[in-house]
Amino acid sequence: MLHHISLGVSDIERAAVFYDAVLAPLGYIRVWDDLRPGEADQAVGYGAPGGGDKLAIKHCPQGQHAPGPGFHLAFAAPNRQAVDDFHAAALNLGGRDNGGPGLRLHYGPHYYAAFVVDLDGHNIEAVFNDVGK
């Protein structure tokens, strides 16, 4: 259904370092960037290697506000270790814990996830839902 989603960030260079690190364990990379220090309309795109972007972060130094309660962005993880690594990388780079790695039985018996709040207040999640594959 969704082609991609964009998040506004107050400091594009700092946010790019954060997202480079937290998305790497999940198998996602920076697939393009348009970084021009000091200029407007900078952005970075992330996705699977060899593909297009599914997430873009956009430089919005003034007036950037994360969506309110009820919104979060969940990234698919290839395994539980990737969820753990996502969470650790986020905390190492200044993200805020919003639910450490573990099973979320209220979502299902195999739903393993971690939640963090990024540097700009966006609620993000990594999830591995192993349903016996």
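Residues numbered from 1 in each chain as written. Predicted model: local features only at pLDDT ≥ 70, side-chain atom pairs only at ≥ 80, totals over all residues. Heavy atoms only, no water.

Things to note about helix 1 (residues 12-23)
Spanning twelve residues, helix 1 covers 16 Å between terminal C-alpha atoms, matching the ideal 16 Å at 1.5 Å per step. For helix 1, the full list of buried residues reads Ile12, Ala15, Ala16, Phe18, Tyr19, Val22 and Leu23. End-on, the buried residues of helix 1 take up no more than an arc of 165 degrees, which puts them together on one face. (Helix = DSSP H or I, 4+ residues; strand = E, 2+ residues; numbered from the N terminus. Expected span 1.5 Å × (residues − 1). Buried < 20%, exposed > 50% of the residue type's maximum accessible area, 1.4 Å probe, protein only. Arc of directions from axis to C-beta.)

Describing the pattern of salt bridges
As enumerated under the stated definition, the model contains four salt bridges in all. Asp20 is paired through a salt bridge with Arg30; the nearest N and O atoms lie 2.7 Å apart. Taken together, the positions of Asp20 in helix 1 and Arg30 in strand 2 (residues 29-34) put the pair ten residues apart, joining distant regions of the chain. By relative accessible area, Asp20 is classed as partly exposed at 29%. A salt bridge links Arg36 to Glu39, with the nearest nitrogen and oxygen atoms 2.7 Å apart. (Salt bridge = Lys/Arg side-chain N within 4 Å of Asp/Glu carboxyl O.)

Remarks on the packing of aromatic side chains
Under the defined criterion, the tally for this structure stands at three aromatic pairs. Between the aromatic rings of Phe18 and Tyr19, the centroid separation amounts to 5.2 Å while the plane-to-plane angle is 75 degrees, which identifies the pairing as edge-to-face. Tyr19 carries the same exposure label as Phe18, and that label is buried. An angle of 45 degrees between the planes, with centres 6.3 Å apart, marks the rings of Tyr19 and Tyr46 as tilted. Linking Tyr19 in helix 1 with Tyr46 in strand 3 (residues 43-47), this pair joins segments that are 27 residues apart in sequence. Pairwise contacts between aromatic rings join Phe18, Tyr19 and Tyr46 into one cluster. (Phe/Tyr/Trp six-rings, centres within 6.5 Å; stacked < 30°, edge-to-face > 60°.)

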